[in-house]
Amino acid sequence: MNPLSDAAVARLGAVLAGQDGVGRYTLHEVLGQGGMGVVYRGTDQLLEREVAIKVARGPTGPGSAALIERLRTEGRVLARLEHPGIVPIHDAGVLPDGRPFYVMKRVEGVTLDRAGTEAMELDRKLGILERVAQAVGFAHQRGIVHRDLKPENIMVGSFGEVLVLDWGVARLLATTDPAPDAERATDPSTVLGTPGFMAPEQAAGSAATADRTADVYALGRLLVYLMADHPDDRDASESRGRSGWPRRLAAIARRCLASDPLDRYPDAGAVSDEIARFRAGGAVAAYREGLLDRVGRWVVRYRTPILLVLAYLLMRILIALWPR
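To start, this report covers the structure provided alongside it. If you're wondering where the values come from, they're calculated on a predicted model, not measured in any experiment. (Residues numbered from 1 in each chain as written. Predicted model: local features only at pLDDT ≥ 70, side-chain atom pairs only at ≥ 80, totals over all residues. Heavy atoms only, no water.)

### Some thoughts on the overall build of the protein chain
Then, in step 1: Across its full length, the protein chain holds ten helices and ten strands.
Then, in step 2: Evaluated residue by residue, the protein chain yields a buried proportion of 46% over its 324 residues.
Then, in step 3: When the accessible surface of the protein chain is summed, it comes to about 16,800 Å², and 56% of that surface belongs to carbon and sulfur atoms. (Helix = DSSP H or I, 4+ residues; strand = E, 2+ residues; numbered from the N terminus. Buried < 20%, exposed > 50% of the residue type's maximum accessible area, 1.4 Å probe, protein only. Areas by Shrake-Rupley, 256 points an atom, 1.4 Å probe, with all protein chains shown as cover.)

### Overview of the sheet that holds strand E9 (residues 162–164)
Then, in step 1: The three strands lie next to each other as E6-E8-E9, forming an open sheet whose pairing is antiparallel. This sheet does not close on itself; its edge strands, each paired only once, are strand E6 (109–111) and E9. Pairs of neighbouring strands in the sheet enclose a mean axial angle of 25 degrees, with direction left out of account.
Then, in step 2: Bridging between strand E8 (residues 154–157) and E9 involves three bridges; their strand directions are antiparallel. In the sheet register, Ile154 faces E9, and the bridge partner there is Val164.
Then, in step 3: Of the strands in this sheet, E8 and E9 are in contact with helix H3 (residues 122–141), which crosses E9 at around 40 degrees. (Pairing = 2+ DSSP bridges. Axes fitted to C-alpha atoms, helices over the stretch in contact; angles between N-to-C directions. Contact = heavy atoms within 4.5 Å.)

### What about the pairing of strand E5 (residues 100–105)?
Then, in step 1: Burial within E5 is extensive, with five of its six residues counted as buried.
Then, in step 2: The pairing of strand E3 (residues 49–56) with E5 spans five bridges and is classified as antiparallel. Each bridged residue has a counterpart across the sheet, and for Ile53 the counterpart in E5 is Val103.
Then, in step 3: Looking at chain direction, strand E4 (residues 89–94) and E5 are connected through five bridges and run antiparallel. In the sheet register, Asp91 faces E5, and the bridge partner there is Val103.
Then, in step 4: Linking two consecutive strands that pair antiparallel, namely E4 and E5, is a turn of five residues; a positive phi of about 100 degrees is found at Gly98 within it.

### Focus: empty space enclosed by the protein
Then, in step 1: Scanning all chains against the criterion turns up one cavity of 30 Å³ or more.
Then, in step 2: The computed volume of the largest cavity comes to approximately 50 Å³.
Then, in step 3: Every residue along the wall of the largest cavity is listed here: Arg147, Asp148, Leu149, Gly193, Thr194, Phe197, Met198, Gln202, Ala214, Asp215 and Ala218.
Then, in step 4: Among the elements that take part in the lining of the largest cavity, helix H6 (residues 212–227) stands out by supplying three residues, more than any other.
Then, in step 5: Tallied by class, residues from the lining of the largest cavity come to five nonpolar, three polar and three charged. (1 Å grid on protein atoms, 1.4 Å probe; cavity = no way out; pocket = protein on both sides within 12 Å on 5 of 7 lines; lining within 4 Å. Points joined across faces, edges and corners; volume = space filled by probe spheres on them. Nonpolar A, V, L, I, M, F, W, Y, C, P; charged D, E, K, R; others polar.)

### Some points on the packing of H6 against helix H7 (residues 247–256)
Then, in step 1: Relative orientation of the contacting elements H6 and H7 amounts to 140 degrees, with a least axis distance of 7 Å. Taken together, the axes of H6 and H7 are oblique relative to one another. Helix-helix and strand crossings are classified by hand; for H6 and H7 the assignment is left-handed. From H6, Val216, Tyr217, Gly220, Leu223 and Met227 reach across to H7, where they touch Leu249, Ile252, Ala253 and Cys256.
Then, in step 2: By residue class, the composition of the contact of H6 with H7 is eight nonpolar, one polar and no charged. (Parallel < 35°, antiparallel > 145°, perpendicular 65-115°, else oblique. Left-handed = near helix turned anticlockwise from the far one by under 90°.)

### So, the packing of aromatic side chains
Then, in step 1: One pass over the structure, following the stated rule, counts one aromatic pair.
Then, in step 2: Taking NZ or CZ as reference, Arg255 lies 4.3 Å from the ring centre of Tyr265, over its face. (Phe/Tyr/Trp six-rings, centres within 6.5 Å; stacked < 30°, edge-to-face > 60°. Lys NZ or Arg CZ within 6 Å of the ring centre and 35° of its normal.)

### So, the nonpolar core
Then, in step 1: Core analysis: the biggest nonpolar cluster contains 66 residues, and Val132, Trp167, Leu219, Leu222, Leu223, Leu249 and Ile252 have the highest contact counts within it.
Then, in step 2: The element best represented in this core is H6, accounting for eleven residues.
Then, in step 3: Every residue in contact with Leu219, bar those within four places of it in the chain, is listed here: Leu129, Val132, Ala133, Leu149, Ala268 and Val271.
Then, in step 4: Tyr40, Val55, Phe101 and Val103 belong to the second-largest nonpolar core, a separate cluster that totals ten residues. (Core = buried A, V, L, I, M, F, W, Y, C linked by side-chain atoms within 4.5 Å.)

Next comes the structure, spelled out in structure tokens:
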């Protein structure tokens, strides 16, 4: 699918500029595009700031109504998720032809698949995953499942931001709200997600019932992706590439990637907590430690004061043995 032509963009810009009678938004170049819509760089003339404007694709072809409704749903989902790890939405509207659009913060950076993670230090990789899990955990607390976590949907900003993008296939869990029209219109056997990152139940055609544990599985896939030193080691369905991992970290990955959803962490917040404990040198729930494990972890966690004490003792020994 191609973005709109220059003429269509000009017409679209004129329509957007006329939404409030003051010429608020000006469209510029395409920033990205997907199955549901096209994202343009824009200017909010009223507040004099750059924004990103996502516009639904034209209402033509089979399934177009569901795609348009999914964009509307995405806007409503983002409006509920005010979190530092999720791009905030500023405005929304509908074009005369029925296509919805919404305006969001313009974020600069690179997606995770282009961030060169192979060269990153371990703690930085895990810091990225922890912040992704925090953002998704926030959504889980509000009854929202992303269903399409993958490197292309994670932005690493120019100033250290880590943002979870593209909530277009998000599922609203059972709440007081009715199911979105897009969800009701979707065939229950439809596969939603990305091969290589979606949970087995999603791949089997149960995306309509995918819950928080589906996102937990995707976080496990992201962990394997981040830990890979080479693209060939990114096959998260195999143990290949995990033999050299710290045992506690490998246990976290195994629990995330359990084939049975009941054997995974209950939500992304629990994954974030586990990663935080690992980074701090603490015990993790996924790994049963023995005595040697605890001693080894204690030594690593307090290695600096241990080395200082050993240096002091060595100095005292040398002084005592020094000929007088």
